[in-house]
Amino acid sequence: MQWLVGQWAVGARTAEGRNPLSLTLLLWSYALAIAAVGCLPRIPPPIFLAAPAAALLCCALLLPSHRRLVPLLLAVFAGAGWGNWHNRQALEERLPLSDHGADFLLQLEVVSLPESRISAPHGGDFEVPVNLRFSARVLGQLEGGELSSPPQGQLLDLTWYRADADIRRQLRAGSRWNLPVRLKRPRGSVNPHGFDYEGWLLRRGVYATGYVRPGDHAPQFLDNFKGLPAMRHWLRDRLVEQPARRPELLRALLLGDRGGLESDDRRLLRETGTAHLLAISGLHVGMVAGFFLLIGNLLGRLIGAVTGTSSFAPAVFLALAGSLGYTLLAGAPLSAQRALAMTWVLLLAWQWRRRIGPGLAYSLALALVLTLQPLAFFGAGFWLSFIAVGALLLAFSHRVRLRRGAEDTEPGYARRIVRGFAGLLFSQWVVTLALLLPSLVFFSGFSLAGMSMNLVAIPWLGLLILPMLLLGTLLIWTPMGGWFIGFAGWQLDLLMEFLEQGRALLPAWQTAGLPIGEGGLLLAALGVLLLLLPAGLPGRRLGWLFLLPPLLPFLPLASSKEEFLQVTALDVGQGLAVVLRTPQQRLLYDAGPLSGSGWSAGSQIIAPYLLGEGMPALDGVVISHGDRDHAGGLPGLAESLPLGRLVAPGRLADRLGEQLGRDTGTCIAGLREQLGDLEFQWLWPDTRNLSGEDNDHSCVALVRWRGIRILLAGDISSGVERQLYRRHPGFAPVDLLIAPHHGSRSSSSRALIDWARPRRVVFSAGFRHHFGHPHPEVVDRYRDSGAELFNTAESGAVAFTWQAALGEPRIDLARAAQRFWYAAESVGKKD
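Residues numbered from 1 in each chain as written. Predicted model: local features only at pLDDT ≥ 70, side-chain atom pairs only at ≥ 80, totals over all residues. Heavy atoms only, no water.

1. A look at the overall build of the protein chain
When helices and strands are counted, the protein chain shows 30 helices and 25 strands. Buried positions account for 51% of the 831 residues belonging to the protein chain. Long-range pairs, those at least 24 residues apart, make up 72% of the contacts in the protein chain between residues at least 6 apart in sequence. Roughly 37400 Å² of accessible area belongs to the protein chain as shown, and the carbon and sulfur atoms make up 60% of that amount. (Helix = DSSP H or I, 4+ residues; strand = E, 2+ residues; numbered from the N terminus. Buried < 20%, exposed > 50% of the residue type's maximum accessible area, 1.4 Å probe, protein only. Contact = heavy atoms within 4.5 Å. Areas by Shrake-Rupley, 256 points an atom, 1.4 Å probe, with all protein chains shown as cover.)

As structure tokens, this is what we get:
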């Protein structure tokens, strides 16, 4: 893809002067209007767009001097209108909130490759339980459904928990079933720097998520429908049957099936900056297009040798068809669809390079992608793709290919190889530099070894592995097909060994936040732009000066000298994770849940938040007790960043210490600890001789900072609350209370409320979870006491920031972000 962009940019430079600038401007205006509408906090009624559009168009038509603005206005309002209509439709095509948690009996067709996940076994199980995750289209509703059926054709993301061997064998892509399902409105945790699962579902057009309930009605297999999903599953079976190395990597590369990847392989790819090698994107689609372009070029030469004419059209046609076929085989994920649109524009622009230039083609690709996916710009892949391509176009557009005179000789093969390697090195440097800031923004780090590793890995993948895999797929029913696939697997194994050696020798992934603010980010982007400009331009090297803050985030100047306390209750669903941060300390109280499917709040929510906030390590972690919704995320978090000192109740501290290989401490009533500028006073439990697993074993801590008092109470019950009331008479009011046991009816007794007298209370709970937290009676008790109430299920993460000079905290709600799909739900804060 880099070579294709570079060569086309060099060859098309002279055509840019003939491109109609007005058309480029119109395309940019159209695309930016789509993005602007998508950024609105709420979707405006159509009349709000139609009225100003009509008024401005009439003014432009009535004033002759402004008539040239009519095309521009039409482009803007066309983009705004399309984006507004699409976004409104996307919201309407979701399960109504009133049906959240309802049961349906549906006829479905499986449209994705089912993904197997090992479930956490229950005691006494002899067979390891397996969960199946898959997507399905609604074909209709059967009798027995509780409510009206989801519309036909809607997409569902489903899980079949503890599926037996027969079900795993029968549930195939393309299979049709009658299934009892419980559906939920698309919803996800919302945290700063976290993955926006809800927005991702919206962009994919998912109507509802849910799970199969075989206990309500016997699932019935109907038949296997012949189509693209069935063909993908058939290919997966054939790849599994091949005696090739690394079959899970081959499936990921050909079919986009990443479910079989081991965590060690994922970590290796991430730390060496090569995770994109197995994520179907512009790199793969471009490589496939280049492969078929080469075959088509050879075919065109053969045709030309017979007919006496030469045409580049067969090569372009094969590249277009091959890239489309590969995208469909990979399941057409959003990233592949976007890459396909960009690749087609580049190929057609290359075909017509004397009539279209890089600027127009780039704007055309941008407009096309946003027409197909108006919300694509909310995904990291959108920015990575367009920034990389834009940087290559900018860098290579300054290189002019000089015509050789009649007396000049054709350069030799050695010189061609040197030039090709120099171009590859230059293009990789350009992409590495251009993607430095996006990597810091989206992934909170960058790989120092990435450029060196990709310089070898990308050609290796594009010249040996992917072409052999494609040839093996085309000939999979022949012995030659098996040989090609085996060769690709062998090369993939060698590539992974090379990356392993490179990680040991070169600096790997560096975690770093971006503590420079929006202004600093713009200056750093300006620095990257300067460095990509032609060599010799005055002031060009000043770009390195603008890049210093993000490259050196731990400079003394980068750290704030202002005294503050920030307490953030993260949105981890039905669980708890609270981050306490001052200039001197970074502490975590509880690590969130671990789901039965293996999802960890520690690695998926807490670690991205900490890294995004510029906290690459913790000074300490407190695990209140051993319940999975409080301690389950700890191993995943430990794999992501250093944890510092670990504190837990009773024997749980020893167990966690052995599991993680570190020294631990215990919390016990009466003990006081000074941690930097934070004072911890342990109020419960009153003994070390306990397992640490029960709710009433929870570590209860009173945290003090400059007169601010925070009470962290774990999952204690009303019995422990009454003991605290008796043991600590005259307890001063607290500024913030994390409600015990998520607001359960068994906790938050009148005794606790009268004793603690909290000014603010946070419930950490799952959205409409079957536990029903917080209980309405508990909410009423806190409200009657005058406390200000917050619920992470409704507001997302809640952050309280106290400044040393101010008494009242600044309160930030994650769901207050400018996302129209957040505004479509209930208001975040409860008064």
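After that view, the rundown keeps rolling.
2. Points about the packing of helix α11 (residues 282–307) against helix α18 (residues 450–474)
Packing of α11 against α18 leaves a shortest axis separation of 10 Å and a crossing angle of 65 degrees. Taken together, the axis directions place α11 and α18 in an arrangement best described as roughly perpendicular. As α11 runs across α18, the sense of the crossing is right-handed. On α18, the residues that touch Leu283, His284, Met287, Val288, Phe291 and Phe292 of α11 are Ile458, Leu461, Gly462, Leu466, Pro467, Leu470 and Leu471. Among the residues forming the contact of α11 with α18, the class breakdown is eleven nonpolar, two polar and no charged. (Axes fitted to C-alpha atoms, helices over the stretch in contact; angles between N-to-C directions. Parallel < 35°, antiparallel > 145°, perpendicular 65-115°, else oblique. Left-handed = near helix turned anticlockwise from the far one by under 90°. Nonpolar A, V, L, I, M, F, W, Y, C, P; charged D, E, K, R; others polar.)

3. Considerations on helix α9 (residues 247–255)
α9 sits mainly inside the fold: eight of its nine residues count as buried. The inward-facing, buried residues of α9 contact α8 (228–241), α10 (263–271), α11, α12 (313–329), α18 and α19 (479–505). Downstream of α9 by one or two residues, Gly256 has phi in the positive range, about 70 degrees.

4. Some thoughts on the side chain of Ser281
Here Ser281 shows up in the loop between α10 and α11. Ser281 has contacts with His276 and Ala339, leaving out every residue within four places of it along the chain.

5. A short note on the nonpolar core
One finds Leu570, Leu588, Leu610, Ile623 and Leu637 to be the most contacted residues of the largest nonpolar core, which totals 62 residues. No other element matches helix α14 (residues 358–372), which puts eight residues into this core. In this view, Leu610 contacts Val579, Met615, Leu618, Leu637 and Leu641; residues no more than four positions away in its chain are not counted. Counting 48 residues, the second largest nonpolar core, distinct from the first, contains Ala244, Leu277, Phe292 and Leu461. (Core = buried A, V, L, I, M, F, W, Y, C linked by side-chain atoms within 4.5 Å.)

6. A closer look at the packing of α9 against α19
At a minimum axis distance of 9 Å, the contact between α9 and α19 shows a crossing angle of 105 degrees. Comparing the axis directions of α9 and α19 gives the class roughly perpendicular. Along its contact with α9, which presents Leu249, Leu250 and Leu253, the element α19 presents Ile485, Ala488, Gly489, Leu492 and Met496. When grouped by side-chain class, the residues that make up the contact of α9 with α19 number seven nonpolar, one polar and no charged.

7. A short note on the state of the cysteines
Using the criterion set out here, one finds one disulfide in the structure. In this model Cys667 forms its disulfide with Cys699; the gap between the sulfur atoms is 1.8 Å. Linking Cys667 and Cys699, the disulfide has an S-S dihedral of approximately -70 degrees and is accordingly described as left-handed. With Cys667 in the loop between β15 (664–666) and β16 (672–675) and Cys699 in the loop between β17 (678–684) and β18 (700–705), the pair connects residues that are 32 residues apart, well separated along the chain. A residue is classified by how much of its surface remains accessible, and Cys667, at 0% relative accessible area, is buried. Judged by relative accessible area, Cys699 falls into the buried class, the value being 0%. (Disulfide = S-S within 2.5 Å.)

8. Here we look at the environment of Pro243
As for its placement among the helices and strands, Pro243 is situated in the loop between α8 and α9. Note: C-alpha distance between Pro243 and Trp483 (240 residues apart in sequence) is 9.4 Å.

9. Some thoughts on the environment of Ala814
As for its placement among the helices and strands, Ala814 is situated in the loop between β24 (810–813) and α30 (820–823). The exposure class of Ala814 is buried, given its relative accessible area of 14%. Once residues within four sequence positions are removed from consideration, Ala814 is found in contact with Val190, Asn191, Pro192, Ser795, Gly796, Ala797 and Tyr822.

10. Structural notes on the environment of Leu530
Position of Leu530 relative to the elements: it lies in helix α20 (residues 517–532). Residues Leu530 and Leu542, twelve residues apart in the sequence, show an inter-C-alpha distance of 7.5 Å. Excluding its chain neighbours within four sequence positions, the residues that come into contact with Leu530 are Gly539, Arg540, Gly543 and Phe546.

11. Description of the packing of aromatic side chains
What characterises a pair of aromatic rings is the spacing of the ring centres plus the angle enclosed by the ring planes. Applying the stated rule across the entire model yields 26 aromatic pairs. Note on Trp460 and Phe498: the rings are 6.0 Å apart at their centroids and 55 degrees apart in plane angle, and the pair reads as tilted. In this pair, Trp460 is assigned in helix α18 and Phe498 in helix α19, connecting sequence segments 38 residues apart. Classification of Phe498 by relative accessible area gives partly exposed; the value is 26%. Clustering of aromatic rings is evident, with ring pairs tying together Trp28, Tyr362, Phe382, Trp383 and Phe386. The ring of Phe767 carries Arg187 above its face, with NZ or CZ at 3.9 Å from the centroid. Taking the ring centre of Trp200 as reference, the NZ or CZ of Arg204 above it sits at 4.5 Å. (Phe/Tyr/Trp six-rings, centres within 6.5 Å; stacked < 30°, edge-to-face > 60°. Lys NZ or Arg CZ within 6 Å of the ring centre and 35° of its normal.)

12. Description of the pairing of strand β23 (residues 798–803)
Taken across its six residues, β23 has six buried, putting it largely inside the fold. With six bridges connecting them, strand β10 (residues 564–569) and β23 associate as antiparallel partners. Bridge pairing in β23 links Val567 to Phe800. Pairing geometry for β23 and β24, over four bridges, is antiparallel. (Pairing = 2+ DSSP bridges.)

13. A look at the sheet that holds strand β14 (residues 645–648)
The sheet built from eight strands is open, its strands ordered β15-β14-β13-β12-β11-β10-β23-β24 with mixed pairing. If you trace the sheet from one side to the other, it starts and ends with β15 and β24, each paired once. Strand-to-strand twist across the sheet, computed as the mean angle between neighbouring axes with direction ignored, equals 15 degrees. Examined bridge by bridge, β10 and strand β11 (residues 578–581) share four bridges and lie antiparallel to one another. Along β11, the bridge assignment pairs Ala569 with Val578.

14. Concerning unusual backbone geometry
Note that the residue after Trp684, namely Pro685, is joined by a cis bond; omega there is 5 degrees. Here Pro685 lies in the loop between β17 and β18. Phi at Arg706 takes a positive value of approximately 50 degrees, unusual for a residue other than glycine. In this structure Arg706 comes out as exposed when scored by relative accessible area, which is 57%. Positive phi, close to 60 degrees, is recorded for His742, a residue that is not glycine. You can see His742 is positioned in the loop between β20 (736–738) and α27 (750–756).

15. Some points on the confidence of the model for the protein chain
Confidence along the protein chain averages 85 in pLDDT terms, with 88% of residues attaining 70 or more. Taken together, the stretch residues 554–559 has pLDDT below 50 and engages in four contacts with residues farther than four places along the chain or on a different chain. Under a pLDDT of 50 for its full length, residues 826–831 has, in the predicted model, 16 contacts with residues more than four places off or in other chains. (pLDDT = per-residue confidence, 0-100.)

16. Notes on the pattern of salt bridges
Following the criterion strictly, the structure yields 34 salt bridges and no others. Salt-bridge contacts for Arg172 lead to Asp237; the nearest nitrogen and oxygen are separated by 2.8 Å. Highlighted residues: Arg172 in the loop between α6 (165–170) and β5 (175–184) and Asp237 in helix α8, separated in sequence by 65 residues. With relative accessibility at 23%, the residue Arg172 sits in the partly exposed group. A salt bridge links Arg815 to Glu198; its shortest N-O distance comes to 2.8 Å. With Arg815 in the loop between β24 and α30 and Glu198 in helix α7 (residues 197–204), this residue pair connects regions lying 617 residues apart in the sequence. (Salt bridge = Lys/Arg side-chain N within 4 Å of Asp/Glu carboxyl O.)

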